[in-house]
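Coordinate inspection notes
Listed below are the residues making up each chain.
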Amino acid sequence: MEKLLYPAVFHPEEVGGYSVTFPDLLGCVTEGDTMQEAIEMAEDALGIYLYTLKENKEEVPEASNPADIKTEGRDFVSLISYDELEYLKRTDSHAIKKTLTIPAWMDTLAKENNLNFSQVLQNAIRKELNLA
């Protein structure tokens, strides 16, 4: 899973709030009423944009060096991070049904001990992927 940083240009609006654009990502634009909200919206917009590129098997553009981005007036550049795993945990937690096969004796013992098969499998996958 990827962890990336992209420069975003924050533009303070005259009526308050901020608009945010990503120079490297055509059409990736958002806004927020406060600095905190603008950052959160930028993180979300970046996540949607990059994950959509991956789903569509499109190339992810290389991020520019923030020092090379020219701004005007009160605009400023800030780096916004994208952690694919954290993004997916936050946005894609719907359940998927999986069929599995185990020996009958194991099924009997698990039921007798009130084991939750889904939880046991999730825990095992987390451990296997070093996510625990």
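What comes next concerns the included structure. (Residues numbered from 1 in each chain as written. Predicted model: local features only at pLDDT ≥ 70, side-chain atom pairs only at ≥ 80, totals over all residues. Heavy atoms only, no water.)

1. A look at the sheet that holds strand 2 (residues 18-21)
Pairing in this open sheet of four strands is antiparallel, and the strands run 3-2-1-4 from one edge to the other. Looking along the sheet, the strands with just one partner apiece sit at the ends: strand 3 (29-32) and strand 4 (76-83). Adjacent strand axes in the sheet meet at a mean angle of 35° when their direction is disregarded. Where strand 1 (residues 3-12) meets strand 2, four bridges bridge the pair, whose relative direction is antiparallel. Bridge pairing in strand 2 places F10 opposite V20. Sheet contacts for helix 1 (residues 35-55): strand 1, strand 2, strand 3 and strand 4; angle to strand 4, the most-contacted strand, approximately 50°. (Pairing = 2+ DSSP bridges. Helix = DSSP H or I, 4+ residues; strand = E, 2+ residues; numbered from the N terminus. Axes fitted to C-alpha atoms, helices over the stretch in contact; angles between N-to-C directions. Contact = heavy atoms within 4.5 Å.)

2. Observations concerning the nonpolar core
Core analysis: the largest hydrophobic core is formed by 17 residues, its most contacted members being F10, V20, F22, L25, L46, L50 and I80. Only strand 1, helix 1, strand 4 and helix 2 (84-91) provide two or more residues apiece to this core. In terms of residue count, helix 1 provides more of this core than any other element does, six residues in total. Those residues in contact with F10 that sit more than four places away from it in its chain are Y18, S19, V20, M35, A38, I39, A42, R74, D75, F76, S78 and I80. (Core = buried A, V, L, I, M, F, W, Y, C linked by side-chain atoms within 4.5 Å. Buried < 20%, exposed > 50% of the residue type's maximum accessible area, 1.4 Å probe, protein only.)

3. Section: a nonpolar patch on the surface
A cluster of nonpolar side chains, L100, I102, W105, M106, L109, F117, L121, I125, L129 and L131, forms an exposed patch at the surface whose accessible area comes to about 890 Å². At the level of elements, helix 3 (104-112) and helix 4 (117-128) are the ones that each hand at least two residues to the nonpolar patch. Mapped onto the fold, I102 is located in the loop between helix 2 and helix 3. A relative accessible area of 30% means that I102 is categorised as partly exposed. (Patch = residues over 30% accessible without salt bridge, like charges linked within 9 Å, V, L, I, M, F, W, Y side chains within 5 Å. Areas by Shrake-Rupley, 256 points an atom, 1.4 Å probe, with all protein chains shown as cover. Salt bridge = Lys/Arg side-chain N within 4 Å of Asp/Glu carboxyl O.)

4. Describing the packing of aromatic side chains
Within the structure shown, the criterion is met by four aromatic pairs. Each ring, one from Y18 and one from F76, has its centre 6.4 Å from the other, and the planes form 80°; the classification is edge-to-face. With Y18 in strand 2 and F76 in strand 4, this pair connects stretches of sequence that are 58 residues apart. By relative accessible area, which is 21% here, Y18 ends up partly exposed. When the centroid spacing of 5.9 Å and the interplanar angle of 55° are considered together, the rings of Y82 and Y87 count as tilted. The same class applies to Y82 and to Y87, which are both buried. Among the aromatic side chains, those forming a connected cluster through ring pairs are F10, Y18 and F76. (Phe/Tyr/Trp six-rings, centres within 6.5 Å; stacked < 30°, edge-to-face > 60°.)

On their own, these measurements won't tell you what the molecule is for.
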